[in-house]
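# Remarks on the overall topology
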Amino acid sequence: MKKIRICTIGAGFFAGFMHGPVLRALAQRDPALELAAVCDLDAVRAKTFTAATGYRNWYTDFREMLDSERPDGVVLLTPVTATAAVGSAVLAAGYPAMLEKPPGRNRAEITALIRASQQGNAPAMVAFNRRCSPLLTRGMELLKQEAPKEKLEHIRCDFYRSERFDADFSTTAVHGIDAVRHLSGSRYARVDFHYQELERDAGKICNFFLTGTMTGGCSVQLSFCPSTGAALERFTLNTRSLTVSVESVPPGGGCDFPGRIFVYRGGKLLRIEAPPAHEFDREEFYLAGYYQENCRFIERLREGFPPENDLELSLEAVEIADACRRRVPLWTAETVRS
């Protein structure tokens, strides 16, 4: 099996919480996978991450790390404010990369990443882990299995959190926006936005409510509420006669852990399924899709990337999340591309 050397940029909380344990587990099972080095501006954080995950070396300058280690691929886990700039430097230098979501905050940043990818002839994968969720994947399989000739007519997506006062919740909402595009199998045609600004004792929040249509004809509704009594992610998919409801698992587990899938027809419950069986099926990093996306990145490094550019596939979700950030009332594909 082809040997693969991985470097990671970013050793913050989320890197240690999700990606680090996954890569450690993969390296323990795959002798051809080498965790070469990690870089973080904070030396203590870099050292701690290295000790916890089994990486060989650590650095505080990512350019020095790349020059010294010459990895086959880079896992980029920087804050969204730095991802586009660091990612562009990595890709332009010729290193394939997996970029944590969102890879940029707007069209300009994604366009810069695409140019860098082309300049360095280095493919990029975006870590939208809900695309790899075992529950959502199984939900789609059940939809095709139980209603193989019926079109997907409507998708509902709900993201609820408890006491989240992020200055910019759109960087979480982008996950749901991308997941709906992935589930529908088509692009967004139009999105209308409604914003509910609310006061809490700990600060202000804004709920985002999106309604839209996809180019394939499916209608969509998305709700993003950062301060509620629950922490959950749920997706409902409807054809003419079938409904599949997925209680997914966000980072941190959420209220529905470990998740379930409900299948309905004719107003009756057909079945309830637990998450697909796996050696890590009680781990958040598996249930939330982080294990699968890291496996996919390593597989692509070994076998070659698909011809489509994942940054281009991600552009629409980034644009719509940016519209939420800017409190735009309407997004259409025609307006953006004209």
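Report follows, based on the coordinates. Bear in mind that the values here come from a model prediction, so they are computed numbers and not experimental data. (Residues numbered from 1 in each chain as written. Predicted model: local features only at pLDDT ≥ 70, side-chain atom pairs only at ≥ 80, totals over all residues. Heavy atoms only, no water.)

On to the packing of aromatic side chains, then. Considering all chains together, one arrives at 14 aromatic pairs under this definition. Relative to phenylalanine 235, the ring of phenylalanine 159 has its centre 6.2 Å away and its plane inclined at 90°; by these criteria the two rings are edge-to-face. Note that phenylalanine 159 is positioned in strand β7 (residues 154-160) and phenylalanine 235 in strand β11 (residues 232-238), a separation of 76 residues in sequence. A connected cluster of aromatic rings, assembled from ring pairs, spans Phe13, Phe14, Phe17 and Tyr290. (Phe/Tyr/Trp six-rings, centres within 6.5 Å; stacked < 30°, edge-to-face > 60°. Helix = DSSP H or I, 4+ residues; strand = E, 2+ residues; numbered from the N terminus.)

What follows concerns the sheet that holds strand β8 (residues 188-200). The strand order across the open sheet built from 9 strands is β14-β13-β12-β11-β7-β10-β9-β8-β15, with neighbouring strands paired in mixed fashion. Both outer strands of the open sheet, β14 (268-273) and β15 (330-332), are each paired with one neighbouring strand and no more. Each strand of the sheet is rotated relative to its neighbour by a mean of 15°, with strand direction disregarded. Both strand β12 (residues 242-248) and strand β13 (residues 260-265) contribute to a ladder of 6 bridges, which runs antiparallel. Paired with valine 244 across the two strands is valine 263, which belongs to β13. (Pairing = 2+ DSSP bridges. Axes fitted to C-alpha atoms, helices over the stretch in contact; angles between N-to-C directions.)

In this section: unusual backbone geometry. The step from phenylalanine 257 to proline 258 runs through a cis peptide bond, and the omega angle for that step is 5°. Turning to its location among the elements, proline 258 is positioned in the loop between β12 and β13. Here the phi dihedral of arginine 70 falls at roughly 50°; this positive angle occurs in a residue that is not glycine. Structurally, the position occupied by arginine 70 is in the loop between α3 (62-69) and β4 (73-76).

To continue, consider the pairing of β14. Pairing of β13 with β14, which is carried by 5 bridges, proceeds in the antiparallel orientation. Bridge pairing in β14 places tyrosine 264 opposite leucine 269. Hairpin connection from β13 to β14: 2 residues lie between these consecutive antiparallel strands, with glycine 266 at a positive phi of about 60°.

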